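Coordinate analysis (summary)
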Amino acid sequence: MTDFHGRRLRRTPALRALVTETRLHPAMLVAPLFVRPGRGIREEIGSMPGQHRLSVDELPAHAARLLEAGVRSVLLFGLPESKDPDGSGAWADKGIVQQAIRELRRAVGDELAVITDVCLCEYTSHGHCGVLRGASIDNDATLPLLARSAASLVAAGADVVAPSAMMDGQVAAIREQLPDAPILAYAAKHASAFYGPFREAADSAPAFGDRRSYQMDPANRREAVSEILADLDEGADMIMVKPALPALDIVAAARAATNVPIAAYQVSGEYAVICAAAERGWIDRRAAALESLTAIARAGAGVIVSYFALEAAGWLHEMDR
Ligand code: PBG
């Protein structure tokens, strides 16, 4: 018999609540939103049940629901009216995300932290995250375009820009343009199979090839730490690990390697697998979602981007009672 008796403190819900090591809170959750052209549109995304593409005029009502639930941050993605090889919609003054930011500001002021993804893949006709030279992605030609997009988003009122294109030097290029804007760098972003549903949601699947020449090999953890340290060196204020559950060791490594806030992105495929299995009655949606979010927090993420954000905030309030 050892001196450790784990079950003594597991007997009642009150005791378990007293000694829990990891607590989720709605304020740590970030809700990703997809914004599309049109009016009065709430279009459900087939591969992400419960998630919608919203027209700009639908944003205030949605923002009010998030705030009511205690979710105070959003991450915006845009579906532009049209696409071109350079992705010029990413920096258009009247671009879809620029319009969304202005509408959110008008409706809720500073109540919501508005984070904007900075990437070209939603805006390029070929669906890659950078501009092409022949069949390859031109890193250095992409940098000024990402910086221009970030500047345009900040000019529209974004609180934080989150570069996700995985081009080398993208954080430095944005920092040079925007000395004062908070940057959340998607520092360790794997070329993951779990982004599938997002590419349907954002209509951003690459027209040819894949993203493995810029997104990281999921097999690499030390390289992920190098990416994180490089982004901090270039001027990032927070760093993101993506996906989340398949990369918990990288979340933990990020936490150990730096003192900045660490975000993890529970991506579309992580959401979709829970939804799909729960629909079949194979797992409990709420329990599986909360267990996953708790694991992501336990690994070291203080900020979690999740399609469950609104729903999970509701569950957390119920559990408080
Ligand atoms: C843009 C971007 C992607 C995601 C976030 N930002 C798509 C990709 O890299 O292919 C994926 C998010 C998700 O799957 O929920 N590059």
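The present account deals with the structure reproduced in this document.

How each quantity is defined
Residues numbered from 1 in each chain as written. Predicted model: local features only at pLDDT ≥ 70, side-chain atom pairs only at ≥ 80, totals over all residues. Heavy atoms only, no water. Helix = DSSP H or I, 4+ residues; strand = E, 2+ residues; numbered from the N terminus. Rg over C-alpha atoms; globule rule 2.2 N^0.38 Å. Contact = heavy atoms within 4.5 Å. Buried < 20%, exposed > 50% of the residue type's maximum accessible area, 1.4 Å probe, protein only. Pairing = 2+ DSSP bridges. Right-handed = clockwise from strand over helix to strand, strands pointing away. Salt bridge = Lys/Arg side-chain N within 4 Å of Asp/Glu carboxyl O.

Bringing the overall build of the protein chain into the picture now. If you tally the helices and strands in the protein chain, you get eleven helices and twelve strands. Against the 2.2 N^0.38 benchmark of 20 Å for 321 residues, the protein chain shows a C-alpha radius of gyration of 20 Å, consistent with a compact globule. By principal-axis analysis of the C-alpha atoms, the protein chain measures approximately 70 × 45 × 40 Å. Relative to all contacts within the protein chain whose residues are 6 or more apart in sequence, the contacts with residues 24 or more apart total 71%.

A few words on the environment of His 190. Here His 190 is to be found in the loop between strand 9 (184-189) and helix 6 (196-201). Assessed through its relative accessible area of 4%, His 190 is described here as buried. Sequence separation between His 190 and Met 166 is 24 residues, and the spatial gap between their C-alpha atoms is 9.4 Å. For His 190, the residues in contact, after removing those within four places along its chain, are Tyr 195, Gln 215, Met 216, Asp 217, Pro 218, Asn 220, Lys 242, Pro 243, Ala 247 and Ile 250.

Further remarks concern the pairing of strand 11 (residues 262-266). Counted residue by residue, strand 11 has five buried out of five residues, so it is predominantly covered. Both faces of strand 11 are covered, namely the face carrying Ile 262, Ala 264 and Gln 266 and the face carrying Ala 263 and Tyr 265. Two elements, strand 10 (residues 238-242) and strand 11, share three bridges in a ladder whose sense is parallel. Residue pairing in the sheet places Ile 239 in a bridge with Ile 262 of strand 11. Between the parallel elements strand 10 and strand 11, the chain passes through helix 8 (residues 248-257) in a crossover that is right-handed.

Our next topic: the pattern of salt bridges. All chains considered together, the criterion is met by twelve salt bridges. Put simply, Arg 106 and Glu 103 hold a salt bridge, and the shortest N to O gap is 2.7 Å. Of this pair, Arg 106 and Glu 103 both sit in helix 3 (residues 96-108), separated by three residues, roughly a single helical turn. What makes Arg 106 exposed here is its relative accessible area of 59%.

Our focus in this paragraph is the pairing of strand 1 (residues 29-36). In terms of burial, strand 1 is largely enclosed, as seven of its eight residues are buried. As defined by bridge partners, strand 1 adjoins strand 4 (residues 73-78) across six bridges and the pair is classed as parallel. Across the sheet, residue Pro 32 finds its bridge partner in strand 4, namely Leu 75. Relative to strand 3 (residues 52-55), strand 1 is paired through three bridges, and the arrangement is parallel. From the neighbouring strand, Phe 34 faces strand 3, where its bridge partner is Arg 53.

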